[in-house]
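One letter stands for each residue in the lines below.
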2 protein chains.
Amino acid sequence: MTFTSPVASEQARFIEGVAGSLSSFLSEQRGVMATVSPDVDPLIGAISSLVTGGKRLRALMCYWGWRGAGGPAEDPDIVTAGCALELFQAAALIHDDIIDRSDTRRGGPSVHKRFSQLHETSGWALDSEHFGDAAAILTGDLCLSFSEEAFSDIGTRAASGSPARRIFNVMRAEVMAGQYLDILEEVAGPVRDRAGSVNRARSIIRYKSAKYSMEHPLALGGALAGASAELLAGYSGFSLPLGEAFQMRDDVLGVFGDPATTGKPAGDDLREGKRTVLVGFALNQASAAEAAYLDRMLGNPGLAGEDVARIRHLMVDCGALDATESLIAQLSTDAFEALERLPLDGLALQALGQLAEAAVSRAA
Amino acid sequence: MTFTSPVASEQARFIEGVAGSLSSFLSEQRGVMATVSPDVDPLIGAISSLVTGGKRLRALMCYWGWRGAGGPAEDPDIVTAGCALELFQAAALIHDDIIDRSDTRRGGPSVHKRFSQLHETSGWALDSEHFGDAAAILTGDLCLSFSEEAFSDIGTRAASGSPARRIFNVMRAEVMAGQYLDILEEVAGPVRDRAGSVNRARSIIRYKSAKYSMEHPLALGGALAGASAELLAGYSGFSLPLGEAFQMRDDVLGVFGDPATTGKPAGDDLREGKRTVLVGFALNQASAAEAAYLDRMLGNPGLAGEDVARIRHLMVDCGALDATESLIAQLSTDAFEALERLPLDGLALQALGQLAEAAVSRAA
C-alpha cells in the first residue's frame, strides 16, 4: 500500500470528511451544553478526545460496503453514517471500560478515570471512583444519543422501515447482547460444562465483535447504497469469518502480545477473566491439573507475571495456541475466498482486501 | 376525577394503547434476542418489568400536548411516541439506580440488584455486585436503543429535521447534562460558595427534571401534531414551573415523606448527598454550626434515624422548609395561571389541570 494508491487517497478523503463532520457535530453539541452550564463541558471533552483517535475500522467497512454497492465517492450521507458508527463505538468503549475496569484507553486515561482524576485534582468531596463511574455512565449515554442523532440525520435512506435503519437497530441490540454474554461467561463459565466453552466463546465473539465490527458496518454501507439481498449475503460471507478471525487475533494478542506494541499490560484479559476461544481450547486440552489451575487464575486481579508466563506455557504445550491459530487461519481463508467471489469493482475489492489483511495479521 | 369522566376514559384508552404497544415491541425484541442466546433473556425481562409499572406521566403529558394541538384521539403515532418516552424513562431509571446506589425501584429490586441476585442464586463466580452493575449498564444501553428505535418508528412526523425530532434530541442531551450537574453538586457543592447553592439546585431541577419530565414531553406531543411556535411557548410557560414545583415536592418528600407512602427509606436523599433546593435554603438559613453539621452529614451512607430527625428539625426551625414550600406554591400558581391562558379546548385543559394538580399535591 503506497502513499498515493487510489484506495489510500480515497480512504484518506473519507476519513477526513468523517473527522471534520464529527468535529462540527460535537462543537454544535458543545454549544447546546453551554446553554445548560459550563460545568457540563467535560462530557463533550471526553467524547471529543475519544472520537479523535482510533482506526475508524467500522466507518471504513461501511464506506467500502457503500462503494461496493455503487454509492458515489463524495456523498454526505455516507460520511454521516461513518460519524454515527464512530460515535456508537465511542459510547460502547466508555461503558466497556467501566465494565472491564480498564483505566487506560488509547494511551490516555479512560473516561471514568478522567472524571475520577478531575474529582481528585479539584479537591471535591466523597468518593472519586464512584463519581468517575457515574459521570462515565452519563457520558456514554450522551454519546449513544449523539450516535442516534447522527444516524437519523442521514434522512430518507435511514428512515424508519429502511434496510439501513433495520441493520443499525439490530447492530445495537446484538452488540449489547454479545457484551452481556461476555460478562456472563466470566462469572458463569467456571460452573458451566467445560466442553461447551469453545462454542460459547465463539458465540460471544460473533455477537460482541464479528457482527458489530465487520458484518453490520459493511452491510449498513451496502444497504444505504441500495445493495441487493444477494450482495448483502455475499458481504456477510466475507465479513463474518473475517470478524471472528479479527477478534481471535485480538484475544491471542491479549495473552501473547508484546505490551510495548499492544499498549495493554500483558495478561490483562486473564486478570479480567475473559473466557476466549483460546482459553476454551486450553481448558479442554490441558491436563486436569493445569486446567484447574487456569480456571482458578482467570479473573484474579492479582495475577503475577510468573502466572501469566505459566499460562502461556500451558497454552502452547497443550496445543491451545495452535488450535486457535488454525481456526484463525481457516476463518481467514474462508473470508478471502468469499471476498474473491464478490461482484465488486477493482477499487472496493482492493480496499476490502487491505482491511482484511490488516485485521488478521496485526500485532497490536 | 370520577371513574367515567371523559378525560379519565380517554386517558385509559391511551395508556392501554401504550401498554399494548410496549408489550408487542418488547416481545418482538425478545425474539431477536432469542436468536442470539437464551442467556440474554433477563435483559428483556428487566426492561419489561420496569415499563409495566409507573405513572406514565411523560407519556400523558405528550398525549395531552398532542390533543391540545389538535391531534386526533386514536392515532398510532402518539401511542408510539408514548412508548419511546416510557422506554427512555426506563433506561434513565436503570442507570440512575446504579449511580444513586438504589437497590429498590417501584417496590422491587432495581435492575442492578436483580442481576446481582441472579448471580448469587446461580452460584456464579467472582463479584456479584460488579456483575450486577455491568449487566445493568448494558440493559440500560439496550433500553436506550429501544427508545430510539421506537421513536424513529413514528416515521415522517419524527423524521430528521422535524420539530419533534429536535425536541427529542434536546430532551435526551439536557437530561443527561442535568443528571451530571446533580452528581457534580453532590461532590463539588461542599467546596463551592454556599450562597449559590439554591441557584445551582434550581438549575439541576430544571434540566434533570422539569424540562425532561414536563416541558419536553408536552412540547413533543404538540410538535407531532404540528403545534405553532406560539402554542409551544405557551406550553413551556405552564410546564416548566410545574416541573420545577413537581421536583421540589419530590425533594421535600425525600426528607419529610412517610416511607410507608413514598416506598423509599426516610433520609435516603440525604445519605446520597443530594443537594436540593431545600438543602440549599437550609445551608444558607441555618446557624453556622447547624449548617456545618448538615454539610458533614450529606452523603454519609451511615446516617442514622436520629440524624435524619435532627436535620428535619433544623430545616423547619431555620425556615428552609417554609421557603421551599412558598417557592413550590409560587411556581404552582405560575403554572396554573399559564394553563388558564392556553388556547385549549375543555378536555385538554381539564386533563392538564388534573395532571398538574397530581404533580404538585402528591404525598408519594
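Residues numbered from 1 in each chain as written. Chains lettered and ligands numbered in written order. Predicted model: local features only at pLDDT ≥ 70, side-chain atom pairs only at ≥ 80, totals over all residues. Heavy atoms only, no water.

Draft legend 1. Looking closely at the overall build of chain A. Secondary structure assignment for chain A yields 16 helices and two strands. Over its C-alpha trace chain A gives a radius of gyration of 21 Å, about what one expects of a compact globule, namely 21 Å for 364 residues. Projecting the C-alpha coordinates of chain A onto the three principal axes gives extents of approximately 60 × 60 × 40 Å. Scored against the burial criterion, the 364 residues of chain A give a buried share of 60%. Counted over contacts in chain A with a minimum sequence separation of 6, partners at least 24 positions apart contribute 75%. About 13400 Å² of surface is accessible on chain A, with carbon and sulfur atoms providing 53% of the total. Within chain A, one finds 32 positive and 47 negative side-chain charges whose respective centroids are separated by 2 Å. (Helix = DSSP H or I, 4+ residues; strand = E, 2+ residues; numbered from the N terminus. Rg over C-alpha atoms; globule rule 2.2 N^0.38 Å. Buried < 20%, exposed > 50% of the residue type's maximum accessible area, 1.4 Å probe, protein only. Contact = heavy atoms within 4.5 Å. Areas by Shrake-Rupley, 256 points an atom, 1.4 Å probe, with all protein chains shown as cover. Lys, Arg positive; Asp, Glu negative; His and termini not counted. Charge placed at Lys NZ, Arg CZ, Asp CG, Glu CD.)

Draft legend 2. The arrangement of the relation of the copies chain A and chain B in detail. Between the two copies, chain A and chain B, the superposition gives an RMSD of 0.1 Å; the rotation angle is 180° and the shift along the axis is 0.0 Å. The two molecules are tied by a two-fold rotation axis, judged by turn and shift. (Least-squares fit on C-alpha atoms with pLDDT ≥ 70 in both.)

Draft legend 3. Representation of helix α7 (residues 163-188) of chain B in the model. Taking 1.5 Å of rise per residue, the 26 residues of α7(B) would be expected to cover 38 Å, and the 36 Å separating its terminal C-alpha atoms lies within 8% of that figure. Most of α7(B) is tucked away: 23 of the 26 residues are buried. (Expected span 1.5 Å × (residues − 1).)

Draft legend 4. Fine view of the nonpolar core. Formed by 255 residues in total, the largest nonpolar core has its most connected members in A:F238 and B:F238. Leaving out residues up to four positions away in the same chain, B:F238 has contacts with B:M61, B:L218, B:A335, B:A338, B:L339, B:L342, B:L352 and B:A356. (Core = buried A, V, L, I, M, F, W, Y, C linked by side-chain atoms within 4.5 Å.)

Draft legend 5. Just the domain arrangement of chain A, in detail. All names here are of chain A. Looking at chain A, the domain boundaries give domain 1 (1-154) and domain 2 (161-364). Centre-to-centre separation of domain 1 and domain 2, based on C-alpha positions: 23 Å. Taken residue by residue, the interface counts 34 residues in domain 1 and 36 residues in domain 2. Summed over both sides, the interface of domain 1 with domain 2 buries roughly 2900 Å², with 72% coming from carbon and sulfur. Broken down residue by residue, the surface that domain 1 buries against domain 2 is led by M61, F88 and F151, which jointly contribute 24%. Between R165 and E148 there is a salt bridge, and its shortest N-O distance comes to 3.0 Å. Across the contact surface, domain 1 and domain 2 share eight residue pairs in polar contact (both at pLDDT 80 or more). Of all the secondary-structure elements, those providing two or more residues to the side of domain 1 that touches domain 2 are α1 (6-36), α3 (57-68), α4 (76-99) and α6 (128-153). Per element, the largest residue contribution to the side of domain 1 that touches domain 2 is ten residues, and it comes from α3. When its residues are assigned to classes, the side of domain 1 that touches domain 2 shows 20 nonpolar, eight polar and six charged. (Domains from an automatic or database assignment. Buried area = accessible area lost by both parts, 1.4 Å probe. Salt bridge = Lys/Arg side-chain N within 4 Å of Asp/Glu carboxyl O. Polar contact = N/O pair within 3.5 Å; in protein donor to acceptor, adjacent residues only side chain to side chain. Nonpolar A, V, L, I, M, F, W, Y, C, P; charged D, E, K, R; others polar.)

Draft legend 6. The arrangement of the interface of chain A and chain B in detail. If you look at the interface, chain A gives 58 residues, while chain B gives 58 residues. Taken together, both faces of the contact between chain A and chain B bury some 5200 Å²; the carbon and sulfur share is 69%. Taken as a group, A:L138, A:Y180 and A:V187 account for 13% of the area that chain A buries against chain B, more than any other trio of residues on that side. A:R192 is the partner of B:D39 in a salt bridge, and the nearest nitrogen-oxygen pair spans 2.9 Å. If you look at where chain A meets chain B, you find 15 residue pairs in polar contact (both at pLDDT 80 or more). Of all the secondary structure elements, the ones that give two or more residues to the side of chain A that touches chain B are α1, α2 (41-52), α4, α5 (111-122), α6, α7 (163-188) and α8 (197-224) of chain A. With 15 residues, the top contributor of residues to the side of chain A that touches chain B is α7(A). Here the side of chain A that touches chain B is built from residues that sort into 32 nonpolar, 14 polar and twelve charged.

Draft legend 7. Spatial organisation of the packing of helix α1 (residues 6-36) of chain B against helix α4 (residues 76-99) of chain B. All names here are of chain B. Running from amino to carboxyl end, α1 crosses α4 at an angle of 65°, the nearest separation of the two axes being 9 Å. Put simply, α1 runs roughly perpendicular to α4. Crossing handedness for the pair α1 and α4: right-handed. In contact with F14, G17, V18, S21, L22 and F25 of α1, α4 contributes I78, V79, G82, C83, E86 and L87. (Axes fitted to C-alpha atoms, helices over the stretch in contact; angles between N-to-C directions. Parallel < 35°, antiparallel > 145°, perpendicular 65-115°, else oblique. Left-handed = near helix turned anticlockwise from the far one by under 90°.)

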